[in-house]
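# Fold and contact review
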Amino acid sequence: MPAKYFPTHGHLLVCQGPNCQARGSALLHKALWNHLERESLVYYKRGGTLRLTESGCLGSCSFGPSLCVYRAAPAGAGLEEAWYAAVDFPLAARIAQAVHEQGPLPAEHQYGPE
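A brief look at the structure comes next. (Residues numbered from 1 in each chain as written. Predicted model: local features only at pLDDT ≥ 70, side-chain atom pairs only at ≥ 80, totals over all residues. Heavy atoms only, no water.)

### Some words on the sheet that holds strand 4 (residues 79-84)
Taken in spatial order, the five strands of this open sheet run 2-1-3-4-5, and their pairing is mixed. The open sheet has two edge strands with one neighbour each: strand 2 (50-55) and strand 5 (110-111). Of the strand pairs in this sheet, strand 1 (residues 10-15) and strand 2 are connected by six bridges, and their pairing is parallel. For Val14, the partnering residue across the bridge sits in strand 2 and is Glu54. Across the sheet, helix 2 (residues 25-38) is in contact with strand 1, strand 2 and strand 3 (67-72); its angle to strand 2 comes to roughly 165°. Strands strand 1, strand 2, strand 3 and strand 4 of the sheet are contacted by helix 3 (residues 89-101), whose axis makes an angle of about 5° with strand 3. (Pairing = 2+ DSSP bridges. Helix = DSSP H or I, 4+ residues; strand = E, 2+ residues; numbered from the N terminus. Contact = heavy atoms within 4.5 Å. Axes fitted to C-alpha atoms, helices over the stretch in contact; angles between N-to-C directions.)

Shown next as structure tokens:
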């Protein structure tokens, strides 16, 4: 039997590097996972569209926890990415909801190219 494919709107990665873990990234990942499960936003739930993964270092070590988002760009114009530093649970939940709804991503705590 082939692997089952689940369509997604985006992929969220939460840094688990040592500096981010010292700033609570393991708890953030667990809380966000529980939220996605509870709200049926995780990809394998009916109506869910999000993937969540623990990642290695995302490079903003002094400003963790860090979170990165990848999703299809509006109008199918390639891949959109967004990088966040100093992420707390309320911000992570807002980011996840925006990705699920395919709406604008929050600007709060975003870093990277303008």
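### Concerning the side chain of Thr49
Its place among the elements puts Thr49 in the loop between helix 2 and strand 2. Judged by relative accessible area, which is 9%, Thr49 ranks as buried. A distance of 2.7 Å separates a polar atom in the side chain of Thr49 from a polar atom in the side chain of His100. Not counting residues up to four positions away in its chain, the partners in contact with Thr49 are Pro7, Thr8, His9, Gly10, Leu41, Val42, Tyr43 and His100. (Buried < 20%, exposed > 50% of the residue type's maximum accessible area, 1.4 Å probe, protein only. Polar contact = N/O pair within 3.5 Å; in protein donor to acceptor, adjacent residues only side chain to side chain.)

### Structural notes on helix 3
Helix length check: helix 3 (13 residues) gives 18 Å between terminal C-alpha atoms against 18 Å at 1.5 Å per residue, within 8%. For helix 3, the complete set of buried residues consists of Leu91, Ala92, Ala93, Ile95, Ala96, Ala98, Val99 and His100. Packing partners of the buried residues in helix 3 comprise strand 1, helix 2, strand 2, strand 3 and strand 4. Measuring from the backbone nitrogen of Leu91 back to the side-chain oxygen at the start of helix 3 gives 3.0 Å, which picks out Asp88 as the cap. Gln102 lies just past helix 3 and shows a positive phi near 55°. (Expected span 1.5 Å × (residues − 1).)

### What to know about the pattern of salt bridges
Here the structure, examined in full by the defined rule, presents three salt bridges. Between Glu37 and Lys45 there is a salt bridge whose closest N-O contact spans 3.7 Å. For Glu37, a relative accessible area of 23% corresponds to the partly exposed category. One salt bridge connects Glu80 with Arg71, and the closest N-O pair in it is separated by 2.6 Å. Given the relative accessible area of 8%, Arg71 is considered buried. (Salt bridge = Lys/Arg side-chain N within 4 Å of Asp/Glu carboxyl O.)

### So, unusual backbone geometry
At the junction of Gly64 and Pro65, the peptide bond is cis and its omega measures out at -5° in the coordinates. Relative to the helices and strands, Pro65 is located in the loop between strand 2 and strand 3. Positioned with a positive phi, Ser40 is a non-glycine residue whose angle comes to about 55°. Take Ser40: it is sitting in the loop between helix 2 and strand 2. At Ala86, a position not held by glycine, the phi torsion is positive, near 55°. You can call Ala86 partly exposed: its relative accessible area is 36%.

The quantities given are spatial measurements derived from coordinates; they are silent on function.
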